[in-house]
Amino acid sequence: MPQTNKAKTSGGCAGEVSGPESGEPPPARAEPRVSQPDTDQSDPIINKSPSDPKKYRYIELSNGLKALLISDLTQSESNREPVSEEEKDSGEEEEGESESGSTNEDSNCVNKCSEGVKKNCRSEKQSAAALCINVGSFSDPADLPGLAHFLEHMVFMGSEKYPTENGFDAFLKKHGGSDNASTDCERTIFKFDVQRKYLREALDRWAQFFICPLMIPDAVNREVEAVDSEYQMAQPLDSYRKEMLFGGLAKAGHPMSKFFWGNAQTLKNEPKEKNINTYERLREFWRRYYSAHYMTLAVQSKETLDTLEEWVREIFIRIPNNGQPQADFSDLQDPFDTLDFNKLYRVVPVRKIHALTVSWALPPQGKHYRVKPLHYISWLIGHEGAGSILSFLRKKCWALALFGGNSESGFDQNTTYSIFSVSISLSDEGFQNFLQVIHIVFQYLKMLQSVGPQQRIYEDIQKIEANEFHYQEQTEPIEFVANICENMQLFPKKDFLCGDQLMFEYNPEVISAALTLLTPATANILLLSPEHDGLCPLKEKWFGTQYSVEDIPQEYRDLWAGDFPLNPDLHLPAENRFIATDFTLKTSDCPDTDFPVKIIDNERGRLWFRKDNKFKIPKVYARFQLLTPFIQESPKNLVLFDLFVNILAHNLAEPAYDAEMAQLEYMLVPGDHGLFIRLKGFNHKLPLLLNLIVDHLADFSATPNVFSMFIEQLKKTYYIILIKPDRLGKDVRLQILEHHRWSVMQKYEAIMTDLSVTDLMDFVNRFKAELFVEGLTQGNFTSAESKEFLQYFINKLQYKPPPAEPPVLFRVVELPQTHHLCKVQSLNKADANSEVTVYYQTGLKNLREHTLMELLVVSSLTRGNEYCVRSILR
């Protein structure tokens, strides 16, 4: 559904009358304050994590609005969970390793600098609020598609009390805040954050949009253009194109068949032709649906609960209540029970990908939130370990990735149906065998139906979700309140905080009921491939998606209608040995220090350590660098190193999957001088994950098929770098600055030669023969336990120290004190875009000067995000 970036909206305002003539009761002018018996105490009825320091209070106003007040008065920097290095800046080694050929997509410079740095430095000062209205695009009138989305834009065009155009956005920007809004099928959410001392005024300004918005006629045409712009930007995205095509399969008259986005055609041109007054219909829609008893509000700040309650009662009591019943679509069941649903749809995607989606439309499952049957099923369908669908398909080199389940968005889950889907990214060979891929999915589902729900697996998932909930990292206040205000529409009060996260009770009957419905006879099949171009005569009305529809081949229809045999290679996952159960905080075995200290330093490695006695959480952050000088000997070595790291990650995907599910994270990064291994998670089982990685490193192997697959992937990766002006420009810049650097063009030429598995294994054996390992561990560990990490590398790999310690500091050429200009011709003649990089070299700086430079980068980026200032401080 539409995701509106409110910052883009603009427009003027005029009066919206509130009172008898407008068809709504006048708002009350005072709200009696109901004191809590035990002042400023958290509501004991609301279930929350034991580690959550915030206090909560639930109140209901006399106009019907419900609010959850969140006081994080006790929260301070001293009890916030630390941000790991990769979260602070995933590109720490960026200048030295960003062109390494990792198949992960590049992060945008602006996102790294402005969002990553800015969020880390400001989150403690932000207060936030979010309001959810129980109305969405399902309520669009048939003759004005997109009206709910359009109204979400229009209410921000000023208010009677604060009529200045874009005044709220300007106020937030001035005080370090932001706002946003989104319209879903049955709900609309508004949210903002701001510095704490401006929260009271921000709440008053914001509430006026729901009390007396102006919505002047002059703003209608201007804001239609903003809505149309969002629609135009969404058109090239395959995910939205799939949704529109899928929604069009619903029965006539069901709201899912509507066009939710809205555009200039539906909100301006057609209404004008039909003499429909869009402005009057907007006012009518606002009066009917933007009523206080439809609304839930969440406010978070470092104020006391009593203060927050006083503000909310004083400000939000003025929102009118029209007394009308809320929209209810729950009687419109089985919208996809049609002859056209159980067919094969071939689609031409925008991206050059092969993708298969198998979907079922089930009865709405929201009422089973305490059991979460679809979450249980998706956990098994999406499993990547031994016996899983993806494991089997990967061994055949038919699939690259698989996602299964229900996203819990309004499109996937509402009061009329719930979608369960299995989406698979196919290889070229997988596309040629897509019907066999579908058969494997059906075989796995049949296996699940035959063995029935398993309490052991359900309890494993329960433990993992509970661990994540109890020790979850702090989220941005604006995202937290947005999630909570929507939860208030879905769950009883006691489950506002955890209803969407925890699995409360095992009920095999509920799970079996959902499993039974996932049959071949009720499945919809969507196959995306660029090879369909020219073969799809049909076109979806709104997004122009080209597609064709056909019956599933009779051979497979007959096979799936019968009692087809199970596949012995598909089975349930084993018990997850990575689930943490010991959350004891360790006693320190060395003096406390402000910074990591060196606890090992010899010819084979160096280890730094710092015990966490500040945040007091049962987690560890670890980082290791396996350094060797011979990687840089030739472009061929760099290519073989990229292959090695990517295939190692591929080999780990299946055995390490359980660790990832148990909230243990790892990352393998190919650097200029060696392999970087980053880990974080619960300290109880993190050593198991590190041992697994080192074991696979020691016993590394590559089959010819896997080798060939990654050769082709890396060719595409290098090629993309060369044809993108920003990536090519960066590569040239680094060649100028670094004393010795092989270009991406040289790597591309090297990979186009006849490389073999033997070349790779020779490289890997040499890599493992001579190493210097440097590491850092920080968190709930003792120094003795940390030393075992480094010792495991030494014992398992049996490496020798290199002749000289490899360089670890990134060094650049000192540029002469004058301006330099380097022009590079783009290699992609079809790309009209240009890239300009301004590089400032500052030289060595002390800590204060370095901090000021970082501040300059952030402040530059926040002024419109129009350019990116990069500084290398060495």
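Residues numbered from 1 in each chain as written. Predicted model: local features only at pLDDT ≥ 70, side-chain atom pairs only at ≥ 80, totals over all residues. Heavy atoms only, no water.

Details of the pairing of strand β18 (residues 665-670)
What counts here: A strand pair is defined by DSSP finding two or more bridges across the two strands. Starting at the N terminus, helices and strands are each numbered in turn, a helix being any DSSP run of H or I of at least four residues and a strand any DSSP run of E of at least two.
Judged from the 6 bridges that link them, β18 and strand β19 (residues 674-682) form a sheet pairing that is antiparallel. The residue bridging E665 from the neighbouring strand is K680, located in β19. The turn joining β18 and β19, which pair antiparallel and follow one another in sequence, is formed by 3 residues.

A short note on the sheet that holds strand β10 (residues 399-405)
In a beta sheet, neighbouring strands are held together by backbone hydrogen bonds and run either parallel or antiparallel to one another. The criterion, for reference: Whether two residues are in contact is decided by their heavy atoms, any of which lying within 4.5 Å being enough. Angles shown run from 0 to 180 degrees and are taken between the N-to-C directions of axes, each axis being a line fitted to C-alpha atoms and, for helices, limited to the stretch in contact.
Spatially, 7 strands are ordered β10-β11-β9-β12-β8-β14-β13 in an open sheet, and the strand pairing comes out mixed. The strands lining the two open edges of the sheet, one partner per strand, are β10 and β13 (538-539). Sheet analysis places strand β9 (residues 354-362) next to strand β11 (residues 418-426), joined by 9 bridges and oriented antiparallel. Among the inter-strand pairings, V358 is bridged to a residue of β11, identified as V422. Of the strands in this sheet, β8 (344-347), β9, β11 and β12 (524-528) touch helix α15 (residues 434-451), which is tilted by about 40° from β9.

Brief notes about the packing of aromatic side chains
What counts here: Stacked, tilted and edge-to-face are the three classes applied to pairs of Phe, Tyr and Trp rings, where Trp contributes its six-membered ring and a pair requires centres within 6.5 Å; stacked means planes under 30 degrees apart, edge-to-face means over 60, and tilted covers the rest. Partly exposed describes any residue whose relative accessible area lies between the buried limit of under 20% and the exposed limit of over 50%, with all areas from a 1.4 Å probe on protein chains only and scaled to the type maximum.
Throughout the structure, instances matching the rule amount to 46 aromatic pairs. Ring geometry for F246 against F336: centres 5.0 Å apart, planes inclined by 50°, an arrangement best described as tilted. A residue pair is termed long-range when its members are at least 10 positions apart, and F246 in helix α8 (residues 238-247) and F336 in the loop between α11 (305-316) and β8 qualify at 90 residues. Note on accessibility: F246 and F336 belong to one class, buried. Aromatic pair F583 and F682: ring centres 5.4 Å apart, planes at 75°, arrangement edge-to-face. Here F583 is found in the loop between α19 (554-561) and β15 (597-602), whereas its partner F682 is found in strand β19, with 99 residues between them in sequence. Taking the relative accessible area as the measure of exposure, F583 reaches 22% and is therefore partly exposed. Grouped by ring-pair contacts, the aromatic residues F156, F168, F190, F192, W206, F209, F210, Y290 and F316 constitute a single cluster.

Quick look at unusual backbone geometry
In the Ramachandran plot, D334 falls in the positive-phi region, its phi being about 50° despite a non-glycine side chain. With respect to the secondary-structure elements, D334 resides in the loop between α11 and β8. Phi is positive for C397, which is not a glycine, with a value near 60°. Topologically, C397 is positioned in the loop between α13 (389-395) and β10.

Considering helix α6 (residues 199-211)
Stated formally: Helix span, as expected, comes to 1.5 Å for every residue beyond the first.
Taking 1.5 Å of rise per residue, the 13 residues of α6 would be expected to cover 18 Å, and the 18 Å separating its terminal C-alpha atoms lies within 8% of that figure. Most of α6 sits inside the fold, with 11 of its 13 residues counted as buried. Residues of α6 that are buried: L199, A202, L203, D204, R205, W206, A207, Q208, F209, F210 and I211. Those residues of α6 hidden inside the fold are in contact with β4 (126-133), α5 (167-174), β6 (188-195), α10 (278-289), β7 (295-301) and α11.

Structural notes on the sheet that holds β15
Pairing is mixed in the open sheet, where 6 strands are placed in the order β15-β16-β20-β17-β19-β18. Every other strand in the sheet has two partners, leaving β15 and β18 as the edge strands with one partner each. Neighbour-to-neighbour, the strand axes of this sheet turn through a mean angle of 10°, independent of strand direction. Bridge count for strand β17 (residues 619-627) against β19 is 9 bridges, and the pairing is antiparallel. Bridged to Q625 within β19 is F676. With respect to the sheet, helix α20 (residues 635-653) is in contact with β18 and β19, its orientation differing from that of β18 by roughly 160°.

Description of the pairing of strand β16 (residues 605-611)
Across the 7 residues of β16, 6 count as buried, placing the element largely inside the fold. Bridging between β15 and β16 involves 5 bridges; their strand directions are antiparallel. Bridged to V597 within β16 is F609. Of the pairings in the sheet, the one linking β16 to strand β20 (residues 772-779) comprises 7 bridges and is parallel in character.

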